[in-house]
Amino acid sequence: MKTGHRSSAPTQSYQRPPLGVGAVQRARHFNSDPALQRRPERYVAWAPRPNDDADRIGELRRARIALQISSGLLIATALGSFLFLYNVFGTSPRVGQQTALQSLDDNAREFPGKYGATSTSVRAKDDLASADAEPLAQPPRNNEATITPAEIIARGWSAFEQKTDRVAKQDRGSKTDRLASAPPLETPEPQLSTRPQPVPVSPRNTFNREAKTTLVDFESAPFPYNGNMPASDRRFLDSGEGANRAHTNFRGRVLKEADVFNDRRALLHIPQGFDANKPGVIVVFFHGHGANLTDDVRDRQLVPQQISTSGVNAVMIAPQFAVNAADSSAGKFWEKDGFKRFMDESAKQFAKLSGDPRTARAFAKMPIVIVAYSGGFGPTLSVLDRGGVNQRIRGIVLLDALYTGAEKFADWIASNRSAFFVSSYTPHTRRLNTELERLLADKSIAYGSELRPNRLPGSVTFLPAGDISHRDFVTHAWADYPIRDILVRLDNAGPASNATPPDANSKFFVARR
């Protein structure tokens, strides 16, 4: 053995002791596994620091909370989107229609002194969208989902009219009143894009504050009425007894006689300067649903003021029908010559109000112009059918009032070619007006869409008013104050062909005051 020679074999005394993770395992095989002796320390497994576990747990917790919040927001967004789409597309038209009608019907109760609410809902009480459509006991059919309320009323009218026709065949000596006490409904239709512009006509006089306007009790007033429904054995007051007697209307709502059908008054108006000895005209105004003569006809719709501001020799009378209720019953006007008795009594009342009883005869012969607003269509149809004064009627003006009876109006127009007929309407009643135009075309009767000065007698005119509130239609239709606009066009009218007395009043000429 050479001196100074270094052995290549490692000795135990010079071996580095195993360190780090896994040192025990390496020590166990230290002498038997030379490869372990040369393994670098970089292969030692990583060991976390004492604070690393707490940091990772915190990060995981925050990530879990963020995930929960995101999931909640996603679920809420999906649920809200579903509810929105369901409300827009998932509700049937019929359910939506019933909900709207119920809302309008509830608004119709909000009359001062009537249903215990304020007077700001006068639109609802005159708006026939809140009126009766069909009995609540009759469930809607599946195929009625797209039927408009006006069509429902027309269908009910047709059924009632068929019944009266059967009665008429049994008694051909008398006509039948085909009026059902069913007020019309209105469902908005697409608004008309244009509004006709009337030919301007300036009134010849200003409103006179000294005009005579008063309420008068009438023995021949439409109500109270204790008879039967027209062409029927059913009593008008078909519910209750004594002070609780009531009428069940078309929808099944019970209306007490003492509250609704017990006012026998009529509103009379004579402008200052009126002369009964000159040619004149009596304007008979039939109010709509949910109305009374003072709050609505006189103060809100300003009918007496429109008569005075026209400047023509005209007076006005408005009978009270159902008081502050949705009902189109005609009462005593259902009876044969019932309206004639009312006008005969009005001649005496006008003469008394004017201060000259001798003028009663002049009032009794004076021509009549009927102006019907909204639910006033019912009494108008009764008057034309059996009122007994057709020879005196020189004109009919419907203010958004053609809800049914198109055939009846077409027959009257064809039989009274010297009289005039004007129907102005909102989109709610456009369909019935279009139907009446078709009936007139079948009878070769011309009609127009514009009013012209001094050309009213003998004309038939349809005036779509466009986007005008039904509530305000008596004061804002094709023109502001439409009743006044009609009256100022009555000059120079020719004689009525069916007028018998050959005096000044037999010609439809209205003098200036």
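Residues numbered from 1 in each chain as written. Predicted model: local features only at pLDDT ≥ 70, side-chain atom pairs only at ≥ 80, totals over all residues. Heavy atoms only, no water.

### Here's the deal with the packing of helix α13 (residues 406-415) against helix α14 (residues 430-442)
In a pair of packed helices, the angle between the axes and the distance between the axes together describe the arrangement. One way to put it is that α13 packs onto α14 with a least axis distance of 9 Å and a crossing angle of 40°. Comparing the axis directions of α13 and α14 gives the class oblique. Crossing angle aside, the handedness with which α13 passes α14 is right-handed. In contact with Ala 406, Glu 407, Phe 409, Ala 410 and Ile 413 of α13, α14 contributes Leu 432, Glu 435, Leu 436, Leu 439 and Leu 440. Taken together, the residues that form the contact of α13 with α14 break down as eight nonpolar, no polar and two charged. (Axes fitted to C-alpha atoms, helices over the stretch in contact; angles between N-to-C directions. Helix = DSSP H or I, 4+ residues; strand = E, 2+ residues; numbered from the N terminus. Parallel < 35°, antiparallel > 145°, perpendicular 65-115°, else oblique. Left-handed = near helix turned anticlockwise from the far one by under 90°. Contact = heavy atoms within 4.5 Å. Nonpolar A, V, L, I, M, F, W, Y, C, P; charged D, E, K, R; others polar.)

### Side note on the sheet that holds strand β7 (residues 368-373)
Judged by pairing direction, the sheet is mixed, and its eight strands sit side by side in the order β1-β4-β6-β5-β7-β8-β9-β10 without closing on themselves. Both edges of this open sheet fall to β1 (212-217) and β10 (460-464), since each of them pairs with a single strand only. Across the sheet, the mean angle separating the axes of adjacent strands is 15° when strand polarity is ignored. In this sheet, β10 lies alongside strand β9 (residues 420-425) in parallel orientation, the contact comprising five bridges. Across the sheet, the residue bridging to Ser 423 is Phe 462, located in β10. Relative to strand β4 (residues 265-270), helix α8 (residues 293-300) is tilted by about 20°, and along the sheet it contacts β1, β4, β5 (281-286) and β6 (314-319). Running at roughly 145° to β7, helix α12 (residues 377-386) makes contact with β5, β7 and β8 (393-399) of the sheet. (Pairing = 2+ DSSP bridges.)

### Details of the pattern of salt bridges
For the structure shown, the criterion picks out 15 salt bridges. Residue Arg 452 is joined to Glu 450 by a salt bridge in which the shortest nitrogen-to-oxygen separation is 3.9 Å. Take Glu 450: its relative accessible area is 40%, and that puts it in the partly exposed class. The network of salt bridges with shared partners includes Glu 435, Arg 438 and Asp 442. (Salt bridge = Lys/Arg side-chain N within 4 Å of Asp/Glu carboxyl O. Buried < 20%, exposed > 50% of the residue type's maximum accessible area, 1.4 Å probe, protein only.)

### Some details on the pairing of β10
The buried fraction of β10 is high, at five of five residues. Residue alternation in β10 divides its side chains into two sets, Val 460, Phe 462 and Pro 464 and Thr 461 and Leu 463, and both sets are buried. In this view, the connection linking β9 to its parallel neighbour β10 by way of α14 has right-handed handedness. (Right-handed = clockwise from strand over helix to strand, strands pointing away.)

### Examining the environment of Pro 224
Its location among the elements puts Pro 224 in the loop between β1 and β2 (246-248). Taking relative accessible area as the criterion, Pro 224 reaches 15% and is therefore assigned buried. Filtering out sequence-adjacent residues up to four positions away, Pro 224 remains in contact with Glu 257, Phe 261, Asn 262, Arg 264 and Lys 332.

### Overview of the side chain of Thr 426
Along the chain, Thr 426 turns up in the loop between β9 and α14. On the basis of relative accessible area, Thr 426 is assigned to the buried category, the value being 1%. Here Asp 400 takes part through its side chain, which lies 3.0 Å from a polar atom of the side chain of Thr 426. (Polar contact = N/O pair within 3.5 Å; in protein donor to acceptor, adjacent residues only side chain to side chain.)

### Quick notes on unusual backbone geometry
Going from Phe 223 to Pro 224, the amide bond is cis rather than trans, its omega being 5°. You will see that Leu 302, though not glycine, has its phi angle at about 55°, which is positive. For Leu 302, a relative accessible area of 19% corresponds to the buried category.

### Notes on the nonpolar core
Counting residues in hydrophobic clusters, the biggest one holds 67 residues, and the most contacted among them are Phe 286, Ile 317, Phe 339, Phe 363, Phe 421 and Leu 436. It is helix α10 (residues 338-354) that contributes the most residues to this core, seven residues altogether. With residues near it in sequence (within four places) discarded, Phe 363 still touches Phe 274, Ala 276, Ile 282, Val 315, Ala 347, Phe 350, Ala 351, Ser 354 and Arg 392. Core analysis: the second largest hydrophobic core is formed by 34 residues, Phe 285, Val 303, Val 312 and Val 422 among them. (Core = buried A, V, L, I, M, F, W, Y, C linked by side-chain atoms within 4.5 Å.)

### Some details on the pairing of β4
Within β4, five of the six residues are buried, which leaves it mostly tucked inside the rest of the structure. One ladder, built from six bridges, connects β1 with β4; its direction is antiparallel. What sits directly across from Leu 215, in β4, is Leu 267. Pairing analysis gives four bridges linking β4 to β6, with the strands arranged antiparallel. The partner of His 269 across the bridge, within β6, is Met 316.

### Examining the packing of aromatic side chains
Under the counting rule described, the total for this entry stands at 20 aromatic pairs. Ring centres of Phe 223 and Phe 261 lie 5.0 Å apart, and the angle between their planes is 45°; this geometry places the pair in the tilted category. Of this pair, Phe 223 sits in the loop between β1 and β2 while Phe 261 is found in the loop between α7 (257-260) and β4, placing the two residues 38 residues apart along the sequence. Judged by relative accessible area, which is 1%, Phe 261 ranks as buried. On the numbers, 6.2 Å between centres and 80° between planes, the contact of Phe 286 with Phe 339 is edge-to-face. (Phe/Tyr/Trp six-rings, centres within 6.5 Å; stacked < 30°, edge-to-face > 60°.)

### Some words on a nonpolar patch on the surface
Nonpolar side chains collect at one region of the surface, where Ile 65, Ile 69 and Leu 73 lie side by side and expose about 300 Å² of accessible area between them. Within the secondary structure, Ile 65 is located in helix α3 (residues 52-89). What makes Ile 65 partly exposed here is its relative accessible area of 44%. (Patch = residues over 30% accessible without salt bridge, like charges linked within 9 Å, V, L, I, M, F, W, Y side chains within 5 Å. Areas by Shrake-Rupley, 256 points an atom, 1.4 Å probe, with all protein chains shown as cover.)

### Description of α12
Counting buried residues in α12 gives ten out of ten residues, a clear majority hidden from the surface. All buried positions along α12 are accounted for by Phe 377, Gly 378, Pro 379, Thr 380, Leu 381, Ser 382, Val 383, Leu 384, Asp 385 and Arg 386. Once α12 ends, the next one or two residues include Gly 388, with phi positive near 85°.

### Side note on the confidence of the model for the protein
Looking at the protein as a whole, the pLDDT averages 75, with 62% of positions reaching at least 70. Every residue in residues 492-507 is under pLDDT 50, and counting partners more than four places away or in other chains gives 31 contacts. (pLDDT = per-residue confidence, 0-100.)

### Comments concerning the packing of α12 against α13
Taken N-terminus to C-terminus, the directions of α12 and α13 make an angle of 45°; their axes are 11 Å apart at the nearest point. If you check the angle between α12 and α13, you find them oblique. As α12 runs across α13, the sense of the crossing is left-handed. Contacts between α12 and α13 involve Thr 380, Leu 381, Leu 384 and Asp 385 on the former and, on the latter, Lys 408, Phe 409 and Trp 412.

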